[in-house]
Amino acid sequence: MRIEDKLSERTQHMQASAIREILKVVAQPGMISLAGGIPAPESFPIDIIRELSNEVLDEFGAAALQYDKTEGFDPLREALINYLPQRNLVNVNDKTLTIFSGSQSILDIVAKVLITKGDKIAIEAPSYLGAISAFNAYQPEYISVATDDEGIMPDALEETLKQHTIKLIYLVPTFQNPTGRTLPLARRKRIAELIQHYDVLLLEDDPYSALRYRGEAVSSIQQFAPEHVIYSSTFSKILAPGLRIGFGIAPEALTHWLVIAKQGTDLHTQSFGQAIAALYLSGGYLTEHLPRIIELYRPRRDAMLKALETYMPQGFRWTEPEGGMFLWVMGPDGLDAENLYHQCVQNSVAFVPGRYFYFEQGVGIETLRLNFTMVSADMITQAVQTIASAAEAMMLSNQ
Ligand SMILES: Cc1ncc(COP(=O)(O)O)c(C=O)c1O
C-alpha cells in the first residue's frame, strides 16, 4: 500500500519542520546550542512538584485522576481567575476561560473552529513556526504584515485589513518568538482599535510575558478589546512544559465552540497536571519560584548582549529583549546565515538561521535566532565569540 495515496488533502499540506532537523544536529555531544526553544531543565521546580504531587492526591483524591469537564479542572480555573487580574494582564471570567493541552493546542483548536480552506490569516513575519504548522492543517492563505524594530506596524496592518478579508490575525506581542521584540503600548492600543473597527479576531499568543528580566510589564491587547481577542498562555515556561497545561481566554460565544471542538480533540486536558498547576498557583508556589527562573535567565540574557556588543563585527544589529528566551541578530546584506550556521556547527556552536521563521522563500537570509536560556553565561559568551569569528571570516572572504 502506498500511504501517500491515502493521505487527506489536508495532510498533504503538512511539512516536517526544518528546525527539527537542526535540533537533531545540535543534540550532538559537546555542542553549545543556542538553537533550542525550550526552558532550561534547572528551571523546573522539581521539589515543589514532588510535594504538590502528594498534596494533589490528599486534596483532590480520585478527582485528580478522573475524566473531567472540557472547560478545565475547577480548582485551576478558579486559581487563574484570581491570579490573572492581579498581574493586570487580561480580562477573564468563568465564561471566557478554557484550559487547553499546552498553548499549542489552542492554536490548533482556534484554527479548527474558525478557518475554512482559503480563509486569510494575517501574520507578522518572521513568526512562530509552530503556529503555522498548526494552522496549515486547515489550509488558510497567509498574508504577511510588515514589521519593524518594534514589531508589527499598525499602518501596515490597517492596509492589510482594507485590502483583504482577514479571518484571523496571529501575533506574539511580548518577547516574540523568534525576535524577542515587544510591541509597545501605543501600538497595542492602535491594534485594539483596528480589530474593533474592522471587526476581526486576533489570536494573542503570550507564552513569555511572565519571564521579564528588565523594564515594566505591558498590558495585553486583550485588555483593550476583549470581544475581539483570543488570548493564549501557558504554564510551560513558568512551571514545566511536559505537563502540557495552557489556557485560553476568548469571547463567550466563541468559547462555546472552542469547548465543543476541544471535546472532539482530547475530551479534556490531563486532570493530574491541571491539579498540580492549580496548587502551584493557589498555594503561592509560582510567586516563590518565578523569581528563581528569572534570576537564572537574566544573567544569561545579559551575558549574550554583552558578548554581542564585545565581539560581533560591524554591520550586525540585534534586538535587546527585556524578557523571554530569544534574541534576533540581523547581519549585513549579503550575509548567508545558513552558511554561517554550517561554519559554527563545525566549531560546535549552533543557532537557528532566521530564514526558517518566514513562510516566504528568500527572506531573512541574513538573520539568526539565538536562544539565551539553555546554557550558562560563560558558554553563551564562548558561543557568541565563535559566531562572531566565523562571521568576520565569512565577511572577509566575501570582500
Ligand atoms: C510563541 C509560542 N506559542 C506557543 C508555544 C507552545 O507552547 P506550549 O508548550 O504552551 O504548547 C510556544 C513554544 O515554544 C511558542 O514559542
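Scoring rules and cut-offs
Sequence order as written defines the numbering, with residues in each chain counted from 1. Selection of residues for local features in this predicted model requires a pLDDT of at least 70, selection of side-chain atom pairs for listing and counting requires 80 or more, and totals for whole chains, interfaces and linings are taken over all residues. For the side-chain quantities, the full set of heavy atoms in the structure was used; hydrogens and water were omitted. When DSSP locates at least two bridges between a pair of strands, those strands are taken to pair. Under the scheme used here, helices are H or I runs from DSSP no shorter than 4 residues and strands are E runs no shorter than 2 residues, and both carry numbers assigned from the N terminus. By convention, orient the strands away from the viewer: a clockwise path from the first strand over the helix to the second makes the crossover right-handed. Within the patch definition used here, like charges are joined within 9 Å and nonpolar side chains (Val, Leu, Ile, Met, Phe, Trp, Tyr) within 5 Å, considering only residues with over 30% relative accessible area and no salt bridge. Working definition of accessibility: Shrake-Rupley area with a 1.4 Å probe, residue cover restricted to the visible protein chains. A pairing counts as a salt bridge when a side-chain nitrogen of Lys or Arg comes within 4 Å of a carboxyl oxygen of Asp or Glu. Think of it in three bands: with a 1.4 Å probe and only protein chains considered, a residue is buried below 20% of the maximum accessible area for its type, exposed above 50%, and partly exposed in between. For every domain, the bounds stem from an assignment made automatically or drawn from a database. The contact criterion used is simple: two residues touch if any of their non-hydrogen atoms lie within 4.5 Å. By definition, the buried area sums, over both parts, the 1.4 Å-probe accessible area that each loses when the two are put together. When we say a residue is near a molecule or strand, we mean one of its heavy atoms is within 4 Å of it. For this analysis, a polar contact is any N or O atom pair within 3.5 Å, provided that within protein one partner can donate a hydrogen and the other can accept it, and provided that sequence-adjacent residues contribute only side-chain to side-chain pairs. Only the stretch in contact is used when a helix axis is fitted, and all axes are lines through C-alpha atoms; the angle between N-to-C directions ranges over 0 to 180 degrees. Expected span of a helix: the number of residues minus one, times 1.5 Å. Computed over the protein atoms alone on a 1 Å grid, cavities are sets of points where a 1.4 Å probe fits but cannot get out and pockets are open sets with protein on both sides within 12 Å along at least five of seven lines; a residue lines them when it has an atom within 4 Å of a point. Grid points are joined across faces, edges and corners, and a volume is the space filled by probe spheres set on the points. In this classification, the charged set is Asp, Glu, Lys and Arg, the nonpolar set is Ala, Val, Leu, Ile, Met, Phe, Trp, Tyr, Cys and Pro, and all remaining amino acids, among them Gly, are polar.

**Brief notes about the pairing of strand β4 (residues 141–145)**
Remark: a regular strand shows side chains that alternate across the two faces of the sheet. Sheet analysis places strand β3 (residues 120–124) next to β4, joined by 5 bridges and oriented parallel. Bridging from a neighbouring strand, Lys 120 pairs with Glu 141 of β4. Regarding topology, helix α7 (residues 129–136) serves as the crossover connection from β3 to the parallel β4, and that connection is right-handed.

**Re a nonpolar patch on the surface**
Taken together, the side chains of Met 1, Ile 3 and Leu 7 present a nonpolar region at the surface, about 350 Å² in accessible area. On the accessibility criterion, Ile 3 (48% relative accessible area) is partly exposed.

**A closer look at the domain arrangement of the protein**
What the domain assignment reports for the protein is domain 1 (3–44 + 290–398) and domain 2 (46–286). For domain 1 and domain 2, the distance between their C-alpha centroids amounts to 25 Å. Contacts between the two partners involve 36 residues from domain 1, matched on the other side by 37 residues from domain 2. In total, about 3,200 Å² of surface goes out of reach between domain 1 and domain 2, with carbon and sulfur atoms giving 61% of it. Linking domain 1 to domain 2 there are 4 salt bridges.

**Examining the environment of Leu 161**
Note that Leu 161 resides in helix α8 (residues 154–163). Remark: the alpha-carbon pair of Leu 161 and Ile 249, spanning 88 residues in sequence, is separated by 24 Å. Setting aside chain neighbours within four positions, we find Leu 161 in contact with Ile 166, Ile 169, Leu 194, Tyr 198 and Val 200.

**Remarks on the site of the ligand**
Of all residues adjacent to the ligand, which total 13 residues, the nearest are Asp 205, Tyr 208, Thr 234, Ser 236 and Arg 244. In the environment of the ligand, an oxygen atom lies 2.7 Å from a nitrogen or oxygen atom belonging to the side chain of Ser 103. Within the contact set of the ligand, an oxygen atom lies 2.7 Å away from a side-chain nitrogen or oxygen of Arg 244. Protein chains bury 92% of the 400 Å² of accessible surface belonging to the ligand in isolation.

**Brief notes about the sheet that holds strand β7 (residues 166–171)**
If you trace the 7 strands from one edge of the open sheet to the other, you get β2-β10-β9-β8-β7-β3-β4, paired in mixed fashion. Two strands bound the open sheet, and with one partner strand each, they are β2 (97–100) and β4. Pairwise comparison of adjacent strand axes, ignoring direction, gives a mean angle of 20 degrees for this sheet. Sitting on the sheet, helix α6 (residues 102–114) touches β2, β7, β8 (201–205), β9 (229–234) and β10 (246–249), and the angle it makes with β9 is about 155 degrees.

**Some thoughts on helix α14 (residues 377–398)**
What sets the pattern is the α-helix's 3.6 residues per turn: residues three or four places apart point alike. The terminal C-alpha atoms of α14, which comprises 22 residues, lie 31 Å apart, in line with the 32 Å expected from a rise of 1.5 Å per residue. All of the buried residues along α14 are Ile 380, Ala 383, Val 384, Thr 386, Ile 387, Ala 388, Ala 390, Ala 391 and Met 394. Contact partners of the buried residues in α14: β1 (32–33), α12 (285–311), α13 (337–346), β13 (349–350) and β15 (367–371).

**Quick look at the sheet that holds strand β14 (residues 352–353)**
With respect to topology, 4 strands assemble into an open sheet ordered β11-β12-β15-β14, the strand pairing being antiparallel. Among the strands making up the open sheet, the edge pair consists of β11 (317–318) and β14. Where strand β12 (residues 326–330) lies against β15, 5 bridges are found, and the strand directions are antiparallel. The residue of β15 that forms the bridge with Val 329 is Leu 368.

**Some points on empty space enclosed by the protein**
Taken as a whole and judged by the stated rule, the model has 2 cavities of 30 Å³ or more. Looking at the largest cavity, its volume works out to about 130 Å³. At the level of elements, α5 (74–86) and β9 are the ones that each hand at least two residues to the lining of the largest cavity. Along the lines of polarity and charge, the residues of the lining of the largest cavity split into 13 nonpolar, 3 polar and 3 charged. Looking at the second largest cavity, its volume works out to about 80 Å³. Taken together, 14 residues line the second largest cavity, and the ones lying closest to its centre are Glu 124, Gly 151, Val 172, Gln 176 and Arg 181.

**Concerning the pairing of β9**
Of all 6 residues in β9, 6 are buried; the element is thus mostly enclosed. Residues Val 229, Tyr 231 and Ser 233 of β9 are buried on one face, and the alternating residues Ile 230, Ser 232 and Thr 234, pointing to the opposite face, are buried as well. Note: β8 against β9, 4 bridges, orientation parallel. Within the sheet, the bridge partner assigned to Glu 204 lies in β9 and is Tyr 231. Across 4 bridges, β9 lies against β10 in antiparallel orientation. Each residue of the ladder has a partner; that of Ser 232, found in β10, is Gly 248.

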